[in-house]
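Notes for the structure review
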Amino acid sequence: MKVSKDMSKFKDLISNEISSLAQKTVAMQKVGMDSKKIVSLTQGDLETIAKSFMNSNLHELKPILEKYRDQERELLKRFLSVQSSGQKITEEDLFEQVHHDLIIKTIELAIQMKREYRKQYNSHSHILEKNLIKGGLFLSGTPHGMNKLTGGDILELERRGFRPMIYKNDNGALLNTYDTRVLIGLFKLWLNQGKNKQIKFEFKDLAEAMITKPSGGEYKLIHKSLKNIAATWIEYKEYFDPAISEYYSATIQHRPIKSLAWIARTQEEEGKERAAVITFHEVLHESLLAGNYLFINMVIYNELPTSYARMIYLNILDAIESGTTSFSLDQLIDHIILKDGNDTNFNRARTIRTIETSFAHLLDADIISDFKMCKSKRKFTHIDFTPSEWLQGHRGKAG
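Calculation notes
- Residues numbered from 1 in each chain as written.
- Predicted model: local features only at pLDDT ≥ 70, side-chain atom pairs only at ≥ 80, totals over all residues.
- Heavy atoms only, no water.
- Pairing = 2+ DSSP bridges.
- Helix = DSSP H or I, 4+ residues; strand = E, 2+ residues; numbered from the N terminus.
- Axes fitted to C-alpha atoms, helices over the stretch in contact; angles between N-to-C directions.
- Contact = heavy atoms within 4.5 Å.
- Buried < 20%, exposed > 50% of the residue type's maximum accessible area, 1.4 Å probe, protein only.
- Polar contact = N/O pair within 3.5 Å; in protein donor to acceptor, adjacent residues only side chain to side chain.

This part takes up the sheet that holds strand E10 (residues 326–328). Strand order in this open sheet of three strands is E10-E12-E11, and the pairing throughout is antiparallel. Each edge of the open sheet carries a strand with a single partner, namely E10 and strand E11 (368–376). Going from strand to strand, the sheet's axes swing by 20° on average, the running direction of each strand aside. Sheet topology places E11 next to strand E12 (residues 379–387); eight bridges connect them, and they run antiparallel. Looking across to E12, one finds that Asp-370 is bridged to Thr-386. Contacts from helix H11 (residues 307–321) reach E10, E11 and E12, with the element oriented near 75° to E12.

The buried count for strand E2 (residues 155–159) comes to four of five residues, which makes it a mostly enclosed element. Counting the residues in the hairpin turn of E2 and strand E3 (residues 165–169) gives five residues, including Gly-161, whose phi is positive at 150°.

Quick look at the side chain of Lys-188 now. Looking at the element boundaries, Lys-188 is found in helix H6 (residues 177–192). Those residues in contact with Lys-188 that lie beyond four places of it in its chain are Ser-125, His-126 and Ala-209.

When you line up the elements, Ser-287 lands in helix H9 (residues 282–289). Classification of Ser-287 by relative accessible area gives buried; the value is 1%. Polar contacts involving the side chain of Ser-287 include one to the side chain of Asn-292, which spans 3.0 Å.

Below, the structure written as structure tokens:
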């Protein structure tokens, strides 16, 4: 498991703050203080320590919590064995038990705080238009193979997956999960600014809409992403028209961003602009006005540890709206990555393992409560999942 910088402080907290609190707790126990009084006196310290993990993710906190719960169970078994043999439990053992108990309580409190924080960005906070998700506009990462159909810097390729589409980009770029964040941020500004087809913004405002810290490095990424999104053409082969609430076969072509203009400050160098005006295409704008979008919890999206997990999260949100709780693995693979059918570098088994790991991340993030890899004969063909109660509640508020 990749551990964040914040989680790398965990050993220091255990050896310092939590150990100190354990000593304080044991001292109060020795003088016969009531357990409720001890809890009352230590709660503030626990909350202070737990706040140190607010920048940590649930997929990091949950496995550590389970690790210490397992250790505590083994510790209690040892205590029972010692007592059954007529021996006394040592002060060192008692301290170890209190220490483990405080570690567990601290992590549980941190997880509770994380869940409360999420509620700030629950329903009606961030959105993403449904046809963009169904068509597979965004990819989970570097493709195994690409079939360039046009020359020069222009990239054109056919996307397979849940709904067929043709993807074109004048810069030869592929949109990834960071570009997804930028577009979700733009839709947030669209909501905030009155749902007009044209929106004007500073990069600082967009970064805040993306729930990311404004910085020079972030602004460079935003600048590049806006250029690539504006250079993208989409040609749908199956398009959901919210006016008739049905899919129909047609060639619907548009740019998500119809026009992009930079707003330069005095003597600002080209490429270093920090404000822009964009105009959404009529097709996309009409779909948004008709409410053809999903509600996204941006905190969860940002915290998911891999691009695969982020893309699967979006598709789970889309799936449960139609009552779907199962994905064809091959269709899901085609939807979130690029691969040539004749690509010898593509390893299906390895990709499926990555998908399985991604669902484990979604489980840790409280997006799903269970999942199962399903086989037909000796081949994995489907993955079934159960949306969490939290996600179902979120869906209910969004609907």
